[in-house]
Amino acid sequence: MFSATPEGGLGAVPLIVGVDEAGRGPLAGPVVAAACVLCCEPPQGLDDSKKLSAKRRAELEPAIRKRCAWGVAVIEPDDIDRLNIFQATMLAMTLATARLVEVLQLEPAEVLVDGNMTPHGRREEWRWPQVRAIVGGDGKEACISAASIIAKEHRDRIMRDAATAHPHYGWERNMGYGTAEHLEALRTYGPTPLHRRSFAPVSQMEMFA
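**Focus: the packing of aromatic side chains**
- The tally for this structure, following the rule as stated, stands at two aromatic pairs.
- Relative to tryptophan 128, the ring of tryptophan 126 lies with its centre 4.9 Å away and its plane at 80 degrees, an arrangement referred to as edge-to-face.
- Note on tyrosine 169 and tryptophan 171: the rings are 5.3 Å apart at their centroids and 20 degrees apart in plane angle, and the pair reads as stacked.
- Directly above the ring of tryptophan 70 sits arginine 65, whose terminal nitrogen or CZ lies 4.3 Å from the centroid.

**A few points about the nonpolar core**
- Core analysis: the biggest nonpolar cluster contains 38 residues, and Val17, Val19, Val37, Ile75, Leu100, Val111 and Trp171 have the highest contact counts within it.
- Broken down by secondary-structure element, the contributors of at least two residues to this core are strand 2 (16-22), strand 3 (31-37), strand 4 (69-75), helix 2 (77-83), helix 3 (85-104), strand 5 (110-114), helix 4 (142-165) and helix 6 (180-189).
- Of all the elements, helix 3 adds the most residues to this core, at nine residues.
- The next biggest cluster of nonpolar side chains, apart from the first, holds 18 residues, and it includes Leu46, Ile64, Ala147 and Ile149.

**Some thoughts on the confidence of the model for the protein**
- The predicted model of the protein averages 92 in pLDDT, with 95% of residues at 70 or higher.
- Confidence, read as mean pLDDT per element, is least for strand 1 (residues 3-4) in the protein (75) and greatest for strand 6 (residues 131-134) (98).

Criteria and cut-off values
In this convention, every chain numbers its residues from 1, walking through the sequence in written order. Whole-chain, interface and lining totals are the exception, using all residues; otherwise, since this is a predicted model, local features are given only for residues with pLDDT of at least 70 and side-chain atom pairs are given and counted only at 80 or more. Side-chain figures throughout are based on the complete set of non-hydrogen atoms in the structure, without hydrogens or water. Think of it this way: a Phe, Tyr or Trp ring, Trp meaning its six-membered ring, pairs with another when their centres are within 6.5 Å, and the plane angle makes it stacked under 30 degrees, edge-to-face over 60, tilted otherwise. Definition used: whenever NZ (Lys) or CZ (Arg) falls within 6 Å of the ring centre and also within 35 degrees of the ring normal, the charge is taken to sit over that ring. Throughout this description, the term nonpolar core refers to a set of buried Ala, Val, Leu, Ile, Met, Phe, Trp, Tyr and Cys residues connected via side-chain atoms within 4.5 Å. The classification of residues rests on relative accessible area computed with a 1.4 Å probe and restricted to protein chains. Under 20% of the type maximum is buried, over 50% is exposed, and intermediate values are partly exposed. A run of DSSP states H or I qualifies as a helix once it reaches four residues; a run of E qualifies as a strand once it reaches two. Both are numbered from the N-terminal end. Scored from 0 to 100, pLDDT reflects the predictor's confidence in each residue.

Put into structure tokens, the structure is as follows:
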């Protein structure tokens, strides 16, 4: 499932969408974006997913999925290599927002994107002109906080599942980031199909393999 509507419905306020991503920096795995509209009674304690403990994120995510409207998009490593990570992130944000809008059958009054840039004018598929970038938005706007939690939890599950097929890299712990453990395994075993060939540590190791 890549989108859902809240069980209790939405409030009567203007439709504000929050958008965030997870996984721009890792050497392996997809980049994931989520778009979220808060319900009339959103879960309490929403914050930047990076500031929350793993336990707290795991508690909040099902509540957000159940009680808010959301959409998720996953861009795989092959497409990251083809597009570059910036464009892949912009595409993921676009697709996540499109899935949310499609399931709601409502157009947003405004879209709030975490960071300093938005997909507007950068992806031709983006069609919502009322969009605003907010640096640190995942800690300032609750709808972006909710999106950040969904995106991170969704991606972490993908990496934990991938770790069972590729056990040497410690993905269940590092989520594909370039930790010492991950880099040592990369040197020893080489890259997997989930590694991003366009990222320097991976491409360099392939060059000298």
